[in-house]
Number of protein chains: 2
Amino acid sequence: MVCISLFKALLIREKYSKLAYHRFCRTTAQFLRNAENMRWSEDDEVLPDICPCPTDGEDPYRMENIPENLNYELRMKDGIVHVYDNAETLRANKPHDLPYPDLETFAIDLSHVLAMIADGPTKTYCHRRLNFLCSKFYLHEMLNEMAELKELKSVPHRDFYNVRKVDTHIHAAACMSQKHLLTFIQKTYETDADRVVLEKAGQKMTLQQVFHSLNKDPYDLTVDSLDVHAGRQTFHRFDKFNSKYNPVGASELREIFLKTDNLIDGEYFARIIKEVAHDLEESKYQHAEPRLSIYGRSPDEWDSLSKWFIQHKVHSPNMRWIIQVPRIYDIFKSRKLVPNFAKMLENVFLPLFEATVNPQDHKELHVFLKYVSGFDSVDDESKHSDHMFSFRSPKPEQWTGDNNPPYSYYLFHMYANIMVLNNLRKERGLSTFQFRPHCGEAGSITHLVSAFLTADNISHGLNLKKSPVLQYLYYLAQVPIAMSPLSNNSLFLEYSKNPLREFLHKGLCVSLSTDDPMQFHYTKEPLMEEYAIAAQLWKLSTCDVCEIARNSVLQSGLSHQEKKHFLGVNYPKDGPGGNDIRRTNVAQIRMAYRHETLCNELSFIVDAVKSETMAS
Amino acid sequence: MVCISLFKALLIREKYSKLAYHRFCRTTAQFLRNAENMRWSEDDEVLPDICPCPTDGEDPYRMENIPENLNYELRMKDGIVHVYDNAETLRANKPHDLPYPDLETFAIDLSHVLAMIADGPTKTYCHRRLNFLCSKFYLHEMLNEMAELKELKSVPHRDFYNVRKVDTHIHAAACMSQKHLLTFIQKTYETDADRVVLEKAGQKMTLQQVFHSLNKDPYDLTVDSLDVHAGRQTFHRFDKFNSKYNPVGASELREIFLKTDNLIDGEYFARIIKEVAHDLEESKYQHAEPRLSIYGRSPDEWDSLSKWFIQHKVHSPNMRWIIQVPRIYDIFKSRKLVPNFAKMLENVFLPLFEATVNPQDHKELHVFLKYVSGFDSVDDESKHSDHMFSFRSPKPEQWTGDNNPPYSYYLFHMYANIMVLNNLRKERGLSTFQFRPHCGEAGSITHLVSAFLTADNISHGLNLKKSPVLQYLYYLAQVPIAMSPLSNNSLFLEYSKNPLREFLHKGLCVSLSTDDPMQFHYTKEPLMEEYAIAAQLWKLSTCDVCEIARNSVLQSGLSHQEKKHFLGVNYPKDGPGGNDIRRTNVAQIRMAYRHETLCNELSFIVDAVKSETMAS
């Protein structure tokens, strides 16, 4: 019974992954087919489409070959954008043939997994398997540590410093170090003191006037007075942490330097991001996936953001962009910016559908979307919601109260729209998006259940500590998890209690990311600082850190072409066959161990399912 | 009684400090005079003489104004160099009027402190005081944390990034990161493949031939194959750690790249050190005190080292040099390089006396010594010695066996020679040296007793954890301790168990240092990495890290002029009066707390001593 429910849960994730062009672990899929007495074939695999990085000499902002207008009609229904071929089918309520998820099925699937994680025997089984995975790795380490090291020593020209690493979770508004931001502000002031940069209460202000009003001399500014670094004061205080985004505690400076949509068209923000990108390009082997915000306050946000991107030429070969949508409907509602939750969803997603149906009229957004690889859902997960998400929950159009919908409600509706959008884009031969929410940083364990269904991969995942069943499911499905132990250390969990090392040992697909270098890091190389501290504190071997780096590339929204280049041409294969040690510096012994171990765990489930079905 | 023995111990340290021109905490001295009903005066203070850094435009290698030959005679006696005005006084055995320490007094003083640290009531008293110091700081933190922060925020233009920091303990042969060494070797090979760089078994070899014999292609070399980084394998294995100094496990590469005295006159080693120095100069606010080795195998080592220094122009304004003497008499003896321990001491110290008496004949050494600020004693402290140091121990001339003398024996004889040398140099108006041994990294607690008497300051001090009495004495005397938690983490003590944080809280004078960036660190800024990890893991406040940085400048061998510039003109004063917050970024609240707390602890002792003497 335990194995059957694990099997079902994996099938559920597979279903939602396929629908949304999310990735699903190939080995797991093979075992699932086996359990169903079917043959797995590579052709069944559903893969995301991600635009390859423009080659040298190609203009990344080129607006040619833009597809024609399909003249489709678009309507939001139950919080999900529906596509109609024309006005007639719209009237007949016959949408274009795309999979539209329905809340009821989803709620049933969700409740299946929810019930499962509370089931005693399932908990015991998963707990034991996880313990076994731990001990097995310990044994592997004792026996093969030196052999792994020997393998790595014999790899020419490749070591931890020149394997590719992706900072899989980083917020654009905090992607620079505190010192970098400080220097940038001072440098800017030297040349631009008299430039009008802000409109406040109807009055235009120069940079000098702004500093004057704050009673600060930019030359005397220090990282202390800038006060953007997290400290002891932020532990378990997400509210205090959020206010650290305001340099000198002043929202004015955030507005001027860290926003895309301001009086100077986000010029400073673009410039500092490009400085960060330049450092990554210099390092050659480091990439980042910064999050830019779309709030859903107004439908113009997308046009403004893509204009910013193209006007300031923000693209970098070492960056892929992710759109973060903060879960702050309640704030917009209380400020009367939106009438209901559906409107917020519409503001976020409808423009994307429009740009997909008619890119000719949204050329800038069309180009920008080439470099956007996915969506993130962000905010303080520890905020409690009174509402319990179920199939009886009000539809987004009916969500007119002041309360914020719960986490799962947000996730389902974001997933649903991304799913439909991906299918539409796939039809048109355009790139698809991955849903990569913040999940399990704090709050209810149910968050991790929602993400298990809806997410391609997640950020944080700390709370997997608390549920053996979910942890084991994330292992079996190899759901990538971008972890940020230094961020956690300042906000939710002491470094020494961080489960990253344990997750890595067990074989979960974990990567290292910085989250917010501005708030957490000290050195000029935040991602290296993150790796260095993990390696020092947990005494990780070279093979361990290179495995994490490899995971980060796998997890990332880099294109197929780039991944082939960084990991080896066979990277979609699991096990040693998919690993090019000369590129990844991960020992084949390690790859074989991981693959055999996963196959072993999956075969238990398959065998049990098969004998059960035979018996019945 | 407890207070009287603490008082005596402090007097003993003061005596040895004054004799050797070591520093002694001013506040402590004031209380000691008070207890003796005497008046303290600034004129009584004995201070080291350290050459100021040459100003811009001044040639640091200039060989002018070199003092005349004094024509003194020099003889080693009981392992200590004795100075005679001329051949006559030598024959009459009437040495020049300098303080010569004698082993018996030292042994008695040593045994006094040794007895004390084992005394029950003293242990209880010190343990309680230390606990009190901990709780008191905790209270201080709760009450004043925000006030300290506010003070720092109002300091213009000064933050943690631009306060001066000295890497107080770093070995020159490991002062570059592994990646830096790798790149340096590869770069060098590109231009110098055909250069003869090594003589092995009578045969001269080019760089190409060396790599050929090692079966390596420099282009394919990686940090993995270089294999100089400490890992899990080095924990509690100092032997394995020592062999990490050999790149690719090959002593040939160490000889070529990390030695001052080789076929290419140490050219590569000088070049890579100068690259490290260049990075420090670029950073502007970081300094280092690298250790260069003098072994005592032969009397020529000093000439060779100073020639190297001057020929390759190794001086940097951001570096001060320390000479490390490894405690490996046993190895030299077994290889028949020295007949007894006295010969080794003579090889180390006699050349210094000669250069001091007659700098004209040792011009290069004379110039080099301007930039040498002290001596270090290094090796694995966990190696046990069978011999128990006492006044019955054989004199160095009689130490002819194959056994290594114990730690305390080494320390006394190094101290004794440095002391006489310093007095001689002071007479001549030359710079003096500080004795700064490795101490308390491992091994017997007695090491820390010897260093309490003989050292200006120490490196490591981990074992103070184990002795409340010594820990309290190091606190009362404010003996600076250069700690390297990342090094300890790889060798002797897990990071989380490192006592640095606790020592800092109690008010011991601790600084942060890297020890061996080549073996331990990952980023391009090893000292910042050390600070970053400590700050992250222990959640240190800005005031904490700035206090550590200030301690590092105090502890260092930087000149009085430099310290005035970096800490403020009144830096020799204790308490807030000695602190220039605009330079150090240490809150005055913190300075006042430290000063009041130290005065409070000292006054207990003074009061007890006074009432005791009145009673008697």
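Summary of the structure given here. (Residues numbered from 1 in each chain as written. Chains lettered and ligands numbered in written order. Predicted model: local features only at pLDDT ≥ 70, side-chain atom pairs only at ≥ 80, totals over all residues. Heavy atoms only, no water.)

Residues and elements named next belong to chain A. Helix α26 (residues 588-615) packs onto helix α23 (residues 542-555) with a crossing angle of 65 degrees between their chain directions and a minimal axis gap of 11 Å. The element α23 and its partner α26 pack so that their crossing is right-handed. Listed contacts from α26 to Cys543, Asp544, Glu547 and Arg550 of α23 are Arg590, Met591 and Arg594. Residues of the contact of α23 with α26, tallied by class, amount to 2 nonpolar, no polar and 5 charged. (Axes fitted to C-alpha atoms, helices over the stretch in contact; angles between N-to-C directions. Helix = DSSP H or I, 4+ residues; strand = E, 2+ residues; numbered from the N terminus. Left-handed = near helix turned anticlockwise from the far one by under 90°. Contact = heavy atoms within 4.5 Å. Nonpolar A, V, L, I, M, F, W, Y, C, P; charged D, E, K, R; others polar.)

Residue and element names in this part refer to chain B. By secondary structure assignment, the location of Met518 is in helix α21 (residues 517-520). Take Met518: its relative accessible area is 0%, and that puts it in the buried class. Residues Met518 and His229 lie 289 residues apart in sequence; the distance between their C-alpha atoms is 6.4 Å. (Buried < 20%, exposed > 50% of the residue type's maximum accessible area, 1.4 Å probe, protein only.)

Take helix α7 (residues 207-214) of chain B next. Residues and elements named next belong to chain B. Every buried residue of α7 is accounted for by Leu207, Val210, Phe211 and Leu214. Each buried residue of α7 lies within a common arc of 95 degrees when the element is viewed along its axis, so the set occupies one face. At its buried positions, α7 is contacted by α6 (178-192), β4 (196-200), β5 (203-206), α10 (251-257) and α11 (267-283). Note on α7: the residue one or two positions beyond its end, Asn215, has a positive phi of about 65 degrees. (Arc of directions from axis to C-beta.)

This next bit is on the interface of chain B and chain A. In this complex, chain B contributes 47 residues to the contact, which on the side of chain A involves 47 residues. Of the roughly 4,400 Å² buried between chain B and chain A on both sides combined, carbon and sulfur atoms contribute 51%. Counting across the chain B and chain A interface gives 8 salt bridges. The partner of Asp227 of chain B in a salt bridge is Lys153 of chain A, with the nearest N and O atoms 2.8 Å apart. The tally of links from chain B across to chain A stands at 32 residue pairs in polar contact (both at pLDDT 80 or more). Elements that contribute at least two residues to the side of chain B that touches chain A include exactly α5 (120-153), α6, α8 (223-226), α19 (485-491), α22 (526-537) and α23 (542-555) of chain B. (Buried area = accessible area lost by both parts, 1.4 Å probe. Salt bridge = Lys/Arg side-chain N within 4 Å of Asp/Glu carboxyl O. Polar contact = N/O pair within 3.5 Å; in protein donor to acceptor, adjacent residues only side chain to side chain.)

Attention shifts here to unusual backbone geometry. Residue and element names in this part refer to chain B. With phi around 55 degrees, Tyr21 is a residue other than glycine that occupies positive phi space. Tracing the chain through its elements places Tyr21 in the loop between α1 (2-19) and α2 (26-35). Taking the relative accessible area as the measure of exposure, Tyr21 reaches 16% and is therefore buried. Backbone geometry at His157 places phi at a positive 60 degrees, although glycine is not the residue there. Take His157: it is sitting in the loop between α5 and β3 (165-171).

We now examine the relation of the copies chain B and chain A. Superposition record for chain B on chain A: RMSD 0.0 Å, screw rotation 180 degrees, translation along axis 0.0 Å. The transformation just described matches what one would write down for a two-fold rotation axis. Measuring from the rotation axis to each C-alpha of chain B, the shortest distance belongs to Ile533 of chain B, at 3.2 Å. Interface residue correspondence from chain B to chain A reaches 100%, placing this contact among same-surface, isologous pairings. (Least-squares fit on C-alpha atoms with pLDDT ≥ 70 in both.)

Right, let's get into the pairing of strand β6 (residues 286-293) of chain A. Residue and element names in this part refer to chain A. Within β6, 7 of the 8 residues are buried, which leaves the element mostly enclosed by the surrounding structure. As defined by bridge partners, strand β3 (residues 165-171) adjoins β6 across 5 bridges and the pair is classed as parallel. Bridge pairing links His171 to Arg291 in β6. Crossover connection from β6 via helix α12 (residues 301-311) to parallel strand β7 (residues 321-326): handedness right-handed. (Pairing = 2+ DSSP bridges. Right-handed = clockwise from strand over helix to strand, strands pointing away.)

Moving on: the environment of Phe503 of chain B. Residues and elements named next belong to chain B. On the secondary structure map, Phe503 appears in helix α20 (residues 500-506). Exposure remark for Phe503: the relative accessible area of 0% places this residue in the buried category. Taking the C-alpha atoms as reference points, Phe503 and Tyr475, 28 residues apart in sequence, are found 8.8 Å from one another. What Phe503 contacts, discounting residues up to four positions off in sequence, is Gly461, Leu462, Leu464, Lys465, Gln471, Met483, Leu508 and Val510.

So, on to the sheet that holds β3 of chain A. Residues and elements named next belong to chain A. Read across the open sheet, the 5 strands follow the order β3-β6-β7-β8-β9; overall the sheet is parallel. The strands lining the two open edges of the sheet, one partner per strand, are β3 and β9 (434-435). With 2 bridges joining them, strand β8 (residues 372-378) and β9 adopt parallel strand pairing. Note on β9: the bridge partner recorded for Phe375 is Phe435.

To continue, consider the sheet that holds strand β8 (residues 372-378) of chain B. Residues and elements named next belong to chain B. As summarised here, the arrangement of the 5 strands in space is β3-β6-β7-β8-β9, forming an open sheet in which the pairing is parallel. Each edge of the open sheet carries a strand with a single partner, namely β3 and β9 (434-435). In terms of strand pairing, strand β7 (residues 321-326) meets β8 through 6 bridges, oriented parallel. Bridged to Ile323 within β8 is Phe375.

Next up on the list: helix α5 (residues 120-153) of chain A. For α5 of chain A, built from 34 residues, the straight-helix expectation of 50 Å at 1.5 Å per residue is met to within 8% by its first-to-last C-alpha distance of 46 Å. Along α5 of chain A, the sharpest kink reaches roughly 60 degrees, centred on Asn144 of chain A. (Expected span 1.5 Å × (residues − 1). Bend = angle between axes of the 7 residues up to and from the residue.)

All names here are of chain A. What the rule picks out here adds up to 66 salt bridges over all chains. Glu42 serves as the salt-bridge partner of Arg26, at 3.8 Å between the closest nitrogen and oxygen. Of the two residues, Arg26 is situated in helix α2 (residues 26-35) and Glu42 in the loop between α2 and β1 (73-77); the sequence distance between them amounts to 16 residues. With relative accessibility at 51%, the residue Glu42 sits in the exposed group. For Lys343, the salt bridge is made with Glu346, and the minimal N-O distance between the two is 3.3 Å. Linking Lys343 with Glu346, this pair stays in helix α14 (residues 341-357), spanning 3 residues, or about one helical turn. Judged by its relative accessible area of 22%, Glu346 falls in the partly exposed class. One continuous salt-bridge network, built from bridges that share partners, spans Glu148, Asp544, Glu547, Arg590 and Arg594.

Glancing now at the environment of Tyr475 of chain A. All names here are of chain A. Within the fold, Tyr475 resides in helix α18 (residues 468-476). Sequence separation of Tyr475 and Leu508 is 33 residues, and the distance between their C-alpha atoms is 4.9 Å. Every residue in contact with Tyr475, bar those within four places of it in the chain, is listed here: Leu133, Lys506, Gly507, Leu508, Thr597, Leu598 and Glu601.

A word on the pairing of β5 of chain B. Look at any regular strand and the pattern is simple: side chains alternate between the two faces of the sheet. All names here are of chain B. The pairing of β4 with β5 spans 4 bridges and is antiparallel. If you follow Lys200 over to β5, its bridge partner there is Gln203. Linking two consecutive strands that pair antiparallel, namely β4 and β5, is a turn of 2 residues; a positive phi of about 50 degrees is found at Ala201 within it.

What follows covers the side chain of Gln536 of chain B. Note that Gln536 of chain B resides in helix α22. A polar contact is formed between the side chain of Gln536 of chain B and the side chain of Glu529 of chain A, at a distance of 3.5 Å. Among all residues touching Gln536 of chain B, those that are not within four sequence positions of it are Leu486, Asn489, Phe520, His521, Tyr522, Glu529 and Ile533 of chain A.

What follows concerns the nonpolar core. Judged by nonpolar contacts, the single largest core of 386 residues is most densely connected at Ile323, Phe349, Phe375 and Tyr474 of chain A together with Phe349, Phe375 and Tyr474 of chain B. Beyond its immediate sequence surroundings of up to four residues, Ile323 of chain A is in contact with Leu292, Ile294, Trp302, Leu305, Phe368, Val372, Gly374, Phe375 and Asp376 of chain A. (Core = buried A, V, L, I, M, F, W, Y, C linked by side-chain atoms within 4.5 Å.)

Moving on, we get to the packing of helix α4 (residues 103-117) of chain A against α18 of chain A. For any two helices packed against each other, the geometry is given by the interaxial angle and the distance between the axes. Residues and elements named next belong to chain A. At their nearest, the axes of α4 and α18 sit 8 Å apart, and the two run at 120 degrees to each other. Classified by the angle between their axes, α4 and α18 sit oblique to one another. Facing α4, whose interface residues are Val113, Met116 and Ile117, α18 presents Val469, Leu470 and Leu473. A class-by-class count of the residues in the contact of α4 with α18 yields 6 nonpolar, no polar and no charged. (Parallel < 35°, antiparallel > 145°, perpendicular 65-115°, else oblique.)

Below, the discussion takes up the side chain of Gln178 of chain B. Here Gln178 of chain B lies in helix α6. In contact with Gln178 of chain B, other than residues within four places in its own chain, are Tyr161 of chain A together with Val223, Leu226, Val228, His229, Met518 and His521 of chain B.

Structural measurements only, silent on function.
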